[in-house]
Amino acid sequence: PGLLKNERIRIISPNGGERWRPGLFHDITWETQNVDLLKLDFSPDGGNSWMPISPSVFASNGVYSWRIPDVTSDSCYVRITDLADPEMEYDISYNMFTISNPKISLSTESMDVGESVVVNSVTAEFIVSNIGHGDLEVSDISSYLPDYSVDVPSFIVPAGSNRTVTVIFSPT
């Protein structure tokens, strides 16, 4: 759509609704008119506080590759300011965007590890595979039954790898 007649800075992205992961790079993009240098800032709290992204960027670049900070928030904004006129010339993301790690929550009523007559302890193994592109954090594996336990209740599975978990049944 381009800039309005009196508009000198316009954020294109992020402009609301994006979901970005900490540690990855995403582009901040903009359009400008008659502006030389910009300052880029970030707010994780709906605009109540601002942290610098870059103190000085050439406006003509139109893009800045930003490494997303290690925060979790659904109230994020980016602000782009004209260094020559910071009080009058700036733009802020139109709506909030989100920075968070993806989460998966699984809950099962039961896990069938087979049937057998048990006199002593029995173990069963299952494999957690991470076919994604980032670490998979598994936490709080537990059972409400005291006869069951796991060897490791929490762990991280790196991208492209597997982790074996052992379930132990010890009759009382």
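Residue numbering note: each chain is counted from 1, following its sequence as written. For this predicted model, a pLDDT threshold of at least 70 governs which residues receive local features, and a threshold of 80 or more governs which side-chain atom pairs are given and counted, while totals over whole chains, interfaces and linings are taken from all residues. The side-chain quantities take in all heavy atoms of the structure and omit both hydrogens and water.

Considerations on the sheet that holds strand 6 (residues 63-67)
Phase 1 of the analysis: Two strands qualify as a pair provided that DSSP identifies no fewer than 2 bridges between them. Only DSSP runs of H or I with at least four residues qualify as helices, and only runs of E with at least two residues qualify as strands; both kinds are numbered from the N terminus onward. Here we have 3 strands laid out as an open sheet, ordered 1-3-6, and antiparallel in their pairing. The sheet terminates laterally at strand 1 (9-13) and strand 6, the two strands that pair on one side only. Here the average twist between neighbouring strands, direction ignored, is 30 degrees.
Phase 2 of the analysis: In this structure, strand 3 (residues 25-32) lies alongside strand 6, joined through 5 bridges in antiparallel fashion. In the strand pairing of strand 6, Phe25 is matched with Arg67. Fitted lines through C-alpha atoms give the axes, limited to the stretch in contact for helices. The angle between two N-to-C directions lies from 0 to 180 degrees.

Some details on the environment of Thr123
Phase 1 of the analysis: For Thr123, the position within the fold is in strand 10 (residues 122-129).
Phase 2 of the analysis: Throughout this description, buried means an accessible area under 20% of the type-specific maximum (1.4 Å probe, protein chains only), exposed means over 50%, and partly exposed covers the range between. Look at Thr123 and you get exposed, because its relative accessible area is 52%.
Phase 3 of the analysis: Separated by 45 residues in sequence, Thr123 and Ile168 have C-alpha atoms that sit 4.5 Å apart.
Phase 4 of the analysis: With sequence-adjacent residues up to four places away left out, Thr123 is seen in contact with Thr166, Val167 and Ile168. In what follows, a contact means two residues having at least one pair of non-hydrogen atoms within 4.5 Å.

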